[in-house]
Amino acid sequence: MNVPEMVPARATQLPYFREIPLYAKVGEERFTLYKPAGMTISEMRIGTERLPSPLYISRSDKLKGLQETQEAFNKNLRSQVASGETEAIKTTVISIVEETLLEPRSGGLEGLSETVDILIGDYAKESNVVKNLIDLSGTDYSSTIHSINVMALSLRYAFSTSMSAKETKTLGLSALLHDTGKSKLPPSILQAPRRLTDEEFRLMQTHCTEGYDIITNCSFNDHRIALVALEHHEKRDGTGYPVGKKNCDTLSEIVAIIDCYEAITTDERPYRNAMIPLEALYLLKKEVENGKYRRKFFEAFAYSLTRDL
Ligand SMILES: [Fe+2]
Ligand SMILES: [Fe+2]
């Protein structure tokens, strides 16, 4: 068997592989079948502590492996939502988003569509799932947590403004995927414990077009999901990036406000402290007065935060 065809499987995905065969390395360029297709590791009755590490999968199975993982997570999420297991819901949502955004691509991102569906389903609404998802703990703040928070706040906005179910889902998915392009940036920029240099900031700005390209290649049925990734750093007075566009899609304008609010109310950067919600709203209001954001979206967002939905 050819070595370059094999890649280490992600340990977090291993329990969910059923149709994906797993291989163990037995020599410099030799692999042996460890788990055949058609069963999971637990069905082989092998404790995870005894697994060879790492196990390998064929490179061509990577996407299918992610899809199997997503299916399992979405299935778990559905039952956790039905039984109102708040903490388990958070853990599952973080896991599925983390696995998906690690290497975002066509065929993978689409799995999150079902996740959003579950989160806005009837059961979820009854048990306030979205409300409980907001403010995920800031101790291990990451792009994943940021994206989930922006999604949860956006869904709250959608419920508060009585958007249709279809529009709610599109807004939620757009929010969840708005920073998809960040996966292309080096960790040295994403986790820089200081302000970025001009050159680093220029590179950071490419996450908008990168995200747009990735999402455009996916089979979502609404082009606005890609547009939000492209436009969420634009400002109405043309001072935003990547191009200084003044008239953006409505969903982009909404996500832009929520994205900014989420970033300044959490300890995203070690060199600055998180603002309390009221301070953040005050700052955003100033931005509205300076022509950066549209007043009606800001007001609707501020209102959605105070409403008990
Ligand atoms: Fe962004
Ligand atoms: Fe963001």
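Structure: above.
Bear in mind that the values here come from a model prediction, so they are computed numbers and not experimental data.

What counts, and where the lines are drawn
- Residues numbered from 1 in each chain as written.
- Chains lettered and ligands numbered in written order.
- Predicted model: local features only at pLDDT ≥ 70, side-chain atom pairs only at ≥ 80, totals over all residues.
- Heavy atoms only, no water.
- Helix = DSSP H or I, 4+ residues; strand = E, 2+ residues; numbered from the N terminus.
- Rg over C-alpha atoms; globule rule 2.2 N^0.38 Å.
- Contact = heavy atoms within 4.5 Å.
- Areas by Shrake-Rupley, 256 points an atom, 1.4 Å probe, with all protein chains shown as cover.
- Lys, Arg positive; Asp, Glu negative; His and termini not counted.
- Charge placed at Lys NZ, Arg CZ, Asp CG, Glu CD.
- Phe/Tyr/Trp six-rings, centres within 6.5 Å; stacked < 30°, edge-to-face > 60°.
- Buried < 20%, exposed > 50% of the residue type's maximum accessible area, 1.4 Å probe, protein only.
- Donors = N, O, S within 2.8 Å, 3.2 Å for Na, K, Ca; no water.
- Tetrahedral: all angles 85-135°; square planar, octahedral: opposite > 155°, others 65-115°.
- Core = buried A, V, L, I, M, F, W, Y, C linked by side-chain atoms within 4.5 Å.
- Pairing = 2+ DSSP bridges.
- Axes fitted to C-alpha atoms, helices over the stretch in contact; angles between N-to-C directions.
- Parallel < 35°, antiparallel > 145°, perpendicular 65-115°, else oblique.
- Left-handed = near helix turned anticlockwise from the far one by under 90°.
- Nonpolar A, V, L, I, M, F, W, Y, C, P; charged D, E, K, R; others polar.

## Describing the overall build of the chain
Alright, step 1. Check the secondary structure of the chain and you find 14 helices and four strands.
Alright, step 2. Against the globule reference of 19 Å for 309 residues, the chain gives a C-alpha radius of gyration of 21 Å, in line with a compact fold.
Alright, step 3. C-alpha atoms of the chain, sized along the principal axes, occupy 65 × 45 × 35 Å.
Alright, step 4. Sequence separation of at least 24 residues holds for 63% of the intrachain contacts in the chain that already meet a minimum separation of 6.
Alright, step 5. As presented, the chain carries roughly 15300 Å² of accessible surface, and 49% of it is formed by carbon and sulfur atoms.
Alright, step 6. Considering the chain, the positive charge centre built from 38 side chains and the negative charge centre built from 43 side chains are found 2 Å apart.

## Description of the packing of aromatic side chains
Alright, step 1. All chains considered together, the criterion is met by four aromatic pairs.
Alright, step 2. Plain terms: the ring middles of Tyr-261 and Phe-301 are 5.0 Å apart, the flat faces sit at 75° to each other, and that makes the pair edge-to-face. Of the two residues, Tyr-261 is situated in helix α12 (residues 250–265) and Phe-301 in helix α14 (residues 295–306); the sequence distance between them amounts to 40 residues.
Alright, step 3. By relative accessible area, Phe-301 is classed as buried at 1%.

## Quick word on the coordination of the iron ion (ligand 2)
Alright, step 1. Every protein donor of the iron ion (ligand 2) is listed here as His-146 (NE2), His-178 (NE2), Asp-179 (OD) and Asp-259 (OD), and their distances to the metal cover 2.2 to 2.3 Å.
Alright, step 2. Of note, the iron ion (ligand 2) draws all its donor residues from one chain, in the sequence arrangement H-x31-H-D-x79-D.
Alright, step 3. Taken as an interatomic distance, the gap from the iron ion (ligand 2) to the iron ion (ligand 1) is 3.6 Å; Asp-179 donates to each of them. Residue Asp-179 is found in the loop between α7 (165–177) and α8 (187–190), and its partner Asp-259 is found in helix α12; the two are separated by 80 residues along the sequence.

## Focus on the coordination of the iron ion (ligand 1)
Alright, step 1. Protein-derived ligands of the iron ion (ligand 1) are Asp-179 (OD), His-207 (NE2), His-232 (NE2) and His-233 (NE2), with the metal-ligand distances lying across 2.1 to 2.2 Å.
Alright, step 2. In this structure, the iron ion (ligand 1) is surrounded by four donor atoms whose angles at the metal cover 86 to 177°, and the resulting shape is irregular.

## Structural notes on the nonpolar core
Alright, step 1. Core analysis: the largest hydrophobic core is formed by 59 residues, its most contacted members being Met-151 and Leu-177.
Alright, step 2. Considering every element that reaches this core, the biggest residue donor is α12, with nine residues.
Alright, step 3. Among residues more than four places away in sequence, those in contact with Met-151 are Val-116, Leu-119, Leu-133, Gly-172, Ala-175 and Leu-176.
Alright, step 4. Counting residues in hydrophobic clusters, the runner-up holds eleven residues, among them Ile-20, Ala-24, Leu-51 and Ile-57.

## Section: the pairing of strand β2 (residues 22–27)
Alright, step 1. Relative to strand β3 (residues 30–35), β2 runs antiparallel, the two sharing five bridges. Directly across from Lys-25, in β3, lies its bridge partner Phe-31.
Alright, step 2. In this antiparallel pair of consecutive strands, β2 and β3, the connection spans two residues.

## Here we look at the packing of α7 against helix α11 (residues 224–231)
Alright, step 1. Two elements in contact, α7 and α11, have axes whose closest approach is 9 Å; the angle formed by their N-to-C orientations is 40°. In terms of orientation, α7 lies oblique with respect to α11. Between α7 and α11 lies a crossing of right-handed hand. Contacts between α7 and α11 pair Glu-167, Thr-170, Leu-173, Ser-174 and Leu-177 from the former with Arg-224, Ile-225, Val-228 and Ala-229 from the latter.

## Describing the packing of helix α6 (residues 143–160) against α7
Alright, step 1. Two elements in contact, α6 and α7, have axes whose closest approach is 7 Å; the angle formed by their N-to-C orientations is 160°. When the axes of α6 and α7 are compared, the pair comes out roughly antiparallel. The way α6 lies across α7 gives a crossing that is right-handed. Residues Ser-147, Ile-148, Val-150, Met-151, Ser-154, Leu-155, Tyr-157, Ala-158 and Phe-159 of α6 form the contact with α7, whose participating residues are Thr-168, Leu-171, Gly-172, Ala-175 and Leu-176.
Alright, step 2. Partitioning the contact of α6 with α7 into residue classes produces ten nonpolar, four polar and no charged.

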